[in-house]
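Understanding the architecture of this molecule
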Amino acid sequence: MSWAEVFFGFYGRINRKTFWAGWLAVSVAGALLIAFLASLATGDSLSSDVWRTPEGKESTWVPVWLAWLAFMAWPLSALAIKRLHDRDRPAWLWYVYYCTTIVFSMPPLKNMTGAELGPLGSAVMTGLLMFGIYVFFELAVLRGTPGANANGSDTLPAGYCGGDWDFMSLMLACEGRISRGKWWYGILIVVIVMTSASAVMTMVIDAYAARFPELEKNLANPVWLNSPEAAPILSKLMFWAIIPMAALMLAAWSFMALSVKRLHDRGLSSWMILIVVLPFLGAVILPGAAGEGAVRLVLLLFLASLIWSVLQFGVLEGETGPNAHGPDPLAGRD
């Protein structure tokens, strides 16, 4: 399949790798377009108003958003439909998701009305979030239908079962099995990426703190963070932090993918990854929102999950011979 068919065709199948490459290309092109349109509208390509659309400036920003949506709709839909074909899922899943996302979460709509969400709106947004997570997994995470389906032949090589088939499957795929040695190898790469990205993020924040003393002074002040004064500083900070943030998110995903494959190798359920993920999220979120006792409990649970994960993923042997998730990664080795 040519790249023209990938971006503009609605027939056939594409695998996750092609979907991610296409989505990234469309996202970069869309970001450049909206920066260009913002520059034409205001002379500032990084204008924070593009994300807020203040009341009274609708005539400036609505055309920008409509042009951006029109540009993104076709290629994103083409990518999503072919990925749903690969999963043997109906195309309406994407159209429902895309249309409801525009209606309920497009920033200009909320900012121009100035309305806050009521209980019904909050319930709808929660439902949309859950539906969006499901669509995300269908499009970007789960393997396509093994073998041919009504939309074409398998997009992955014959005999593919995930695991350590290649470097991409080792670091990013959630299916298959890997050995303890491959897990430690992958974790070393994850640690290097996270350390480098964190260092770059610290440098970016320090540079902005030096240029804008009010940022460091008011970083914990929600009133200032939501003020018009903070908007241009924060928008430019977020712009320069995009790459290290993306690297951190990719490293976090790789950790989960590596660990899920080790659970498969041990003959355990993928859902047991929550034993690691939930205490980690609690350790990140709760310290600023809970009492001292709750924080201590969460940190203790996080430490316990860390010890459990090292034992399960990096120490204990996998099942001997093939299991439901694929062949033994150590088969044929002395």
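The rules we used
- Residues numbered from 1 in each chain as written.
- Predicted model: local features only at pLDDT ≥ 70, side-chain atom pairs only at ≥ 80, totals over all residues.
- Heavy atoms only, no water.
- Helix = DSSP H or I, 4+ residues; strand = E, 2+ residues; numbered from the N terminus.
- Buried < 20%, exposed > 50% of the residue type's maximum accessible area, 1.4 Å probe, protein only.
- Contact = heavy atoms within 4.5 Å.
- Areas by Shrake-Rupley, 256 points an atom, 1.4 Å probe, with all protein chains shown as cover.
- Polar contact = N/O pair within 3.5 Å; in protein donor to acceptor, adjacent residues only side chain to side chain.
- pLDDT = per-residue confidence, 0-100.
- Phe/Tyr/Trp six-rings, centres within 6.5 Å; stacked < 30°, edge-to-face > 60°.
- Core = buried A, V, L, I, M, F, W, Y, C linked by side-chain atoms within 4.5 Å.
- Patch = residues over 30% accessible without salt bridge, like charges linked within 9 Å, V, L, I, M, F, W, Y side chains within 5 Å.
- Salt bridge = Lys/Arg side-chain N within 4 Å of Asp/Glu carboxyl O.
- Axes fitted to C-alpha atoms, helices over the stretch in contact; angles between N-to-C directions.
- Parallel < 35°, antiparallel > 145°, perpendicular 65-115°, else oblique.
- Left-handed = near helix turned anticlockwise from the far one by under 90°.
- Nonpolar A, V, L, I, M, F, W, Y, C, P; charged D, E, K, R; others polar.

Structural notes on the overall build of the chain
Within the chain, the regular secondary structure consists of 14 helices and zero strands. Going residue by residue from the N terminus, the α and β elements of the chain occur as α-α-α-α-α-α-α-α-α-α-α-α-α-α. The proportion of buried residues among the 334 residues of the chain is 36%. Sequence-distant contacts in the chain: of pairs separated by 6 or more residues, those separated by 24 or more amount to 68%. When the accessible area of the chain is evaluated, it comes to approximately 18900 Å², of which 72% is carbon and sulfur surface.

A closer look at the environment of aspartate 328
Structurally, aspartate 328 can be placed in the segment after helix H14 (292–315). Accessibility expressed as a relative area gives 17% for aspartate 328, which makes it buried. Between the C-alpha atom of aspartate 328 and that of glycine 176, which follows or precedes it by 152 residues, the distance is 9.6 Å. Of note is the side chain of aspartate 328, whose polar atom sits 2.9 Å from the backbone nitrogen of leucine 330.

Considerations on the side chain of asparagine 323
Inspection of the secondary structure puts asparagine 323 in the segment after H14. Within polar-contact distance, the side chain of asparagine 323 engages the side chain of glutamate 319 at 3.0 Å. Only 2.8 Å separates the side chain of asparagine 323 from the backbone nitrogen of histidine 325, close enough to count as a polar contact. If sequence neighbours within four positions are ignored, asparagine 323 has contacts with Arg177, His264, Asp265 and Gly267.

A closer look at the confidence of the model for the chain
The predicted model of the chain has a mean per-residue pLDDT of 83, with 86% of residues at 70 or higher. Mean pLDDT across the elements of the chain ranges from a minimum in helix H6 (residues 107–113), with 46, to a maximum in helix H1 (residues 3–8), with 92.

Here's the deal with the packing of aromatic side chains
Two descriptors summarise a pair of aromatic rings, namely the distance from one centre to the other and the angle between the planes of the rings. Under the definition given, this model contains 17 aromatic pairs. Measuring from centroid to centroid gives 6.4 Å for phenylalanine 137 and tryptophan 253, while their planes differ by 55 degrees, and the two rings are tilted. Here phenylalanine 137 is found in helix H7 (residues 119–141), whereas its partner tryptophan 253 is found in helix H12 (residues 230–265), with 116 residues between them in sequence. Judged by its relative accessible area of 33%, phenylalanine 137 is partly exposed. Tryptophan 253 gets classed as partly exposed once you look at its relative accessible area, which sits at 21%. Put simply, the rings of Phe19, Trp20, Trp23, Phe136, Phe137 and Trp253 pair up and form one aromatic cluster.

Here's the deal with the nonpolar core
The biggest cluster of nonpolar side chains holds 19 residues, and the ones touching the most others in it are Phe19, Val26, Leu76, Leu79, Trp94, Tyr98 and Leu139. The set of elements that each furnish at least two residues to this core consists of H1, helix H2 (16–42), helix H4 (58–87), helix H5 (92–105) and H7. Considering each element in turn, this core owes the most residues, seven residues, to H4. In contact with leucine 79, other than residues within four places in its own chain, are Val6, Ile14, Phe19, Gly22, Trp23 and Val26.

What to know about a nonpolar patch on the surface
Residues Trp20, Trp23, Leu24, Val28, Leu32, Leu129, Met130, Ile133, Phe136, Phe137 and Leu142 make up a contiguous nonpolar surface patch of about 1000 Å² in total accessible area. Of all the secondary structure elements, the ones that give two or more residues to the nonpolar patch are H2 and H7.

So, unusual backbone geometry
We note that aspartate 88 has phi near 60 degrees; this positive angle belongs to a residue other than glycine. You can see aspartate 88 is positioned in the loop between H4 and H5.

Details of the packing of helix H9 (residues 180–211) against H12
Where H9 meets H12, the closest approach of the two axes is 9 Å, and the angle between their N-to-C directions is 170 degrees. When the interaxial angle is binned, H9 and H12 end up roughly antiparallel. Considering the relative orientation of H9 and H12, their crossing is left-handed. The residue makeup of the contact of H9 with H12, split by class, is 22 nonpolar, four polar and four charged.

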